[in-house]
Amino acid sequence: MPTPTAPATAPRSVVALVDASSPVERELIGGWLAEGGIAAEFGVDAPVTQLDLDAPAVAGRLVNRRDDPLVVPLRVLWLPPERDGVRRTTFADLISLSNPRKPHRLMQRRLVAKAPDRHLVLTGQPARLSELRANNPSVAEATEPFARAIVRAGIVALERAERAVIGDRYKVPRLVAEEILDSPEFLRRLDAIAAHTGAAPREVYRRAEKALGELVAAQSRLISDLFTQAMRPVHASAWKVDCDPSGLAGLRKLNQRYPLVFLPSHRSYVDAFVLGDALARNDFPPNHVIGGANLGFWPMGPIARRTGTVFIRRSFGDDEVYKAVVEEYFAYLLAKRFNLEWYFEGGRTRTGKLRPPRYGLLNYLAAAIRGGRIDDVMLVPVSITYERLNELGAMATEQSGGVKKPEGLTWLARYVRNQQHSAGHVYVRFGAPLSARERLAAHGDPLVPDLGPAAPPAPEVLDRERLAVQRLAFEVAVGINAVTPITVNALVTLALLGVDERALTLGEVRRAVHPVRGYIARRGLPGGELDTLRDDQGLAVVLEQLSLAKVVTVYRGGLEPVYAIEPGAHLEAAFYRNSAVHWFVTRAILELAVLAAVEAPENARGVETLWEAAYRLRDLLKFEFFFPERAEFAARLTEEMRLVDPGWEGRIGDGTVGADMLTQLTESGFVMAHRVLRSFFDAQLVVAERLAARDATTPLDRKQFIDECLAVGKQMLLQQRLHSPESVSSELFGTAVKLADNHGLLDTGEPELPARRAAFAAELRTIGARISRLATLDPVNRPEG
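Here the structure is a predicted model, which is why all the values come from computation and not from measurement. (Residues numbered from 1 in each chain as written. Predicted model: local features only at pLDDT ≥ 70, side-chain atom pairs only at ≥ 80, totals over all residues. Heavy atoms only, no water.)

Is there a simple way to explain the overall build of the chain in this structure?
When you go through the chain residue by residue, the secondary structure sums to 32 helices and 18 strands. The burial tally for the chain puts 54% of its 785 residues in the buried class. For the chain, long-range pairs separated by at least 24 residues make up 78% of all intrachain contacts whose partners lie at least 6 apart in sequence. Accessible surface for the chain amounts to roughly 34300 Å². Of this, 53% is attributable to carbon and sulfur atoms. (Helix = DSSP H or I, 4+ residues; strand = E, 2+ residues; numbered from the N terminus. Buried < 20%, exposed > 50% of the residue type's maximum accessible area, 1.4 Å probe, protein only. Contact = heavy atoms within 4.5 Å. Areas by Shrake-Rupley, 256 points an atom, 1.4 Å probe, with all protein chains shown as cover.)

What is the right way to look at helix α22 (residues 536-548) in this model?
Helical periodicity: at 3.6 residues per turn, an α-helix aligns residues three or four positions apart in one direction. Over its 13 residues, α22 runs 18 Å from end to end, which matches the ideal 18 Å to within 8%, given 1.5 Å per residue. Among all positions of α22, only Gly 538, Leu 539, Ala 540, Val 542, Leu 543 and Leu 546 are buried. On its buried face, α22 is in contact with α20 (488-496), α21 (506-523), β17 (552-555), β18 (562-565) and α23 (570-578). The N-capping residue of α22, defined by a side-chain oxygen 3.2 Å from the backbone nitrogen of Gln 537, is Asp 535. (Expected span 1.5 Å × (residues − 1). Polar contact = N/O pair within 3.5 Å; in protein donor to acceptor, adjacent residues only side chain to side chain.)

What should I look at first to understand the packing of aromatic side chains in this one?
The description of an aromatic ring pair rests on the distance of the ring centres and on the angle between the ring planes. Scanning the model with the defined rule gives 13 aromatic pairs in all. Aromatic side chains Tyr 519 and Phe 584 sit 6.1 Å apart centroid to centroid with 35° between the ring planes, which places their arrangement in the tilted category. Placement of the pair is Tyr 519 in helix α21 and Phe 584 in the loop between α23 and α24 (585-599), with a sequence separation of 65 residues. According to the relative accessible area criterion, Tyr 519 is buried, its value standing at 0%. Residue class for Phe 584 comes out buried when judged on its relative accessible area of 2%. Centre to centre, the rings of Phe 575 and Tyr 576 are 6.2 Å apart; their planes meet at 90°, and the pair counts as edge-to-face. On the accessibility criterion, Tyr 576 (2% relative accessible area) is buried. Ring pairs connect the aromatic residues Trp 611, Tyr 615, Phe 625, Phe 627, Phe 633 and Phe 680, which therefore count as one cluster. The ring of Phe 633 has Arg 618 lying over it, and the distance from NZ or CZ to the ring centre is 5.4 Å. One cation-aromatic arrangement involves Arg 630 over Tyr 615; the distance from NZ or CZ to the ring centre is 3.6 Å. (Phe/Tyr/Trp six-rings, centres within 6.5 Å; stacked < 30°, edge-to-face > 60°. Lys NZ or Arg CZ within 6 Å of the ring centre and 35° of its normal.)

I'm lost on the environment of Tyr 386 in this one. Help?
Looking at the element boundaries, Tyr 386 is found in strand β13 (residues 378-386). Accessibility expressed as a relative area gives 4% for Tyr 386, which makes it buried. Look past the residues within four positions of Tyr 386 in its chain and what remains in contact with it is Trp 239, Arg 267, Ser 268, Val 270, Asp 271, Val 274, His 425, Val 426, Thr 487 and Tyr 576. Only 2.4 Å separates the side chain of Tyr 386 from the side chain of Asp 271, close enough to count as a polar contact.

How do you make sense of the pairing of strand β6 (residues 119-123) when you look at a structure like this?
Taken residue by residue, a regular strand's side chains alternate between the two faces of the sheet. Counting buried residues in β6 gives 4 out of 5 residues, a clear majority hidden from the surface. Relative to β6, strand β3 (residues 70-78) runs antiparallel, the two sharing 5 bridges. Each residue of the ladder has a partner; that of Leu 74, found in β6, is Thr 123. (Pairing = 2+ DSSP bridges.)

For this particular structure, what's the right way to read the side chain of Thr 586?
Note on placement: Thr 586 falls in helix α24. Leaving out residues up to four positions away in the same chain, Thr 586 has contacts with Arg 636, Leu 637 and Glu 640.

For this particular structure, what's the right way to read the packing of helix α29 (residues 678-692) against helix α31 (residues 730-742)?
In helix packing, the relevant descriptors are the interaxial angle and the interaxial distance, both defined with respect to the helix axes. Between α29 and α31, the least distance of the axes is 9 Å, while the angle of their chain directions is 60°. One finds that α29 runs oblique with respect to α31. As for how α29 packs across α31, the hand of that crossing is right-handed. Residue-level inspection shows Ser 679, Phe 680, Ala 683, Gln 684, Val 686, Val 687 and Leu 691 of α29 in contact with α31, the latter providing Leu 732, Phe 733, Ala 736, Val 737, Leu 739 and Ala 740. Among the residues forming the contact of α29 with α31, the class breakdown is 11 nonpolar, 2 polar and no charged. (Axes fitted to C-alpha atoms, helices over the stretch in contact; angles between N-to-C directions. Parallel < 35°, antiparallel > 145°, perpendicular 65-115°, else oblique. Left-handed = near helix turned anticlockwise from the far one by under 90°. Nonpolar A, V, L, I, M, F, W, Y, C, P; charged D, E, K, R; others polar.)

What is the right way to read unusual backbone geometry from this model?
Keep in mind that most residues, glycine aside, have a negative phi and that most peptide bonds are trans. The phi angle at Leu 447 is positive, at roughly 55°, despite the residue not being glycine. Looking at where Leu 447 falls in the secondary structure, it is placed in the loop between α18 (436-442) and α19 (459-483). In the Ramachandran plot, Lys 550 falls in the positive-phi region, its phi being about 60° despite a non-glycine side chain. With respect to the element layout, Lys 550 can be found in the loop between α22 and β17.

What's the story with the pattern of salt bridges in this structure? I'm lost.
Pairing is possible between side chains that carry opposite charge, provided their charged atoms lie close to one another. Summed over the entire model, instances satisfying the criterion amount to 47 salt bridges. Where Arg 189 meets Glu 327, a salt bridge forms, and the shortest distance between an N and an O atom there is 3.1 Å. Taken as a pair, Arg 189 in helix α8 (residues 184-197) and Glu 327 in helix α14 (residues 320-335) lie far apart in primary sequence, 138 residues in all. Since its relative accessible area comes to 25%, Arg 189 is described here as partly exposed. Among the ionic pairs, Arg 721 bridges to Glu 689, the shortest N-O distance being 2.7 Å. Within this pair, whereas Arg 721 is found in the loop between α30 (702-718) and α31, its partner Glu 689 is found in helix α29, the two being separated by 32 residues in sequence. You can call Glu 689 buried: its relative accessible area is 14%. Through salt bridges with shared partners, a single ionic network connects Arg 148, Arg 152, Glu 179, Asp 182 and Lys 336. (Salt bridge = Lys/Arg side-chain N within 4 Å of Asp/Glu carboxyl O.)

Please clarify how the environment of Leu 362 should be interpreted in this entry.
Here Leu 362 shows up in helix α15 (residues 360-370). For the pair Leu 362 and Gln 470, spaced 108 residues apart in sequence, the C-alpha to C-alpha distance is 8.9 Å. If we skip the residues at most four places from it in the chain, Leu 362 touches Leu 263, Trp 342, Leu 379, Val 469 and Ala 473.

The following block contains the structure:
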């Protein structure tokens, strides 16, 4: 209930709204009242009337009163037994066949007699009847709606009082569907949809009610406790969770004013369990996790809904009712300061690097801000990074053209079994929170309310809104990448993937890794347990662990062990490398741009050629990585150049910058272009050559075309025209097709199209040749001597 203002006079009567489900609870509350509990708690000595906390009782005996009683909600709170200083339900409690937080009547009497510390009479924040009327002006004169509003206020007050006792992690919403369907604003929106579509208002209301029934997560504290305990071993036996708590204190403070939306990277089905457990251990309330209907199978679906998972339809097209319900539900949760969580990439990454974001759910969030439903939301970028993943084999199969196995009980049993093997650390990192309102406005969103289908915004407004949401999503992605650490497996696979199927001795692996560790330290990049790679023993342990995971093969029959990527495991190895690949992209672009300047005609070998090549490479990779704006990109490239050759700016006029910098790059101990960018440019080459070979007047079926690229890519790999199986990937071909479309190479009927397609393929062959030349300059690919 609302915080009461200081009354001009003390209340002359009290109405106790009793939320009791058994005679025992009524007796406890009645005894507490008889012993002067109201007077002791609130200093009010006045007659007390007891009413049930339900709408009919409140409508019949409270809402039409002409005096101004103090209204106090009451409930008995039952607590689990204390174990190690914590009261939390365990599976052992279920032996009594009773929920410790809601014991049956016989158990209640036993607890009252033998464990009086297991219950207390809870009082919610009281309010005068006049205050309740003032806080519900739209229904204050309507008996039944006002009664329902009072009941909801009482329940919310009791929930807040409970959380003060049991902790914020048990914050759960109540009566959600009822409150939404009672909202005058929402009912007006449904009426507008009915008028616009010609449907009967009753039918539109029925569809909205059904959609809410699908969406609303019916959270249970008992199920939350038990589900957490059941699922924790699934990831606890596989990973040691490394959660940086430094950002959590600030987030908890922000959460007192704003709802939080956690937006994590998505690499595994276990992401939500890892993040949820980390937040629960730090006493955050449970997030409402937005998930796809594919994971709603029995028994996981019903259980997950009771722990806060919201299963949303993958696609709902032009269903205005469902769209309105989703938007209203989001706005309701955020307005009540319930935290949300979703994986804005739309699904797990198959390559290891962050995927392009999906904008659908961010659009609903933006709509809630534009409509004034919420003042602001804090978006929290979250990086979840695994040293090893036991589910990589299935993802690699999908990438090479295999069929994704549907989720179900068999899939779940197999998945849980696979998690029983130790897989090192999982790193949970929180990026700087972003104010959604502030960032949308900064990106040009006019923040004008949408008046509904009858009066849609002007096209130019829609364009500004769309662009603002896209830029906001980009910022979130940058925030995730900024806190993603470089793991030991990422660094080791980075080394092994750059040697073209050659096996390396332990000393050669050390030669490849050591200068990169120095580079990471000089740039101050975030890392995992990279200190374990300082000596041969630690490096050998990491290689052995990758061998057990069947990513690295070890041959021990010669003079000393040699290590290489396991045949057929290049996609798995690339997954680990790609989790950190964004940290090395600028360096790799610099190497290619320097070589382009060196290879240019003598009169064009200046810095201008270098910059032109760098900007072109940035454009070709813009669908693979999240590049900053042009000026920021130039600043970062300049810093990279200074890191390689501190004096290059003093030699701009003498035409030697390119050659000198190439020397400095190769003498730094490592070359990155072939390790970081080759797979992406090889995939683009396959797409470009298949486009060049097509009839320019034939429309493109993208799915069939990608299947063709997979088949031809395998052939090119066998012919050694591609350098690694990781290039033959449906996801890489998909983004390459997107790039070609962006360059106008999918259009049909244009006379110049065949020539432009051929030129595009030729450009990519040139880049591929430069990458191959840089690979030969890599110290690891040169014999010692």
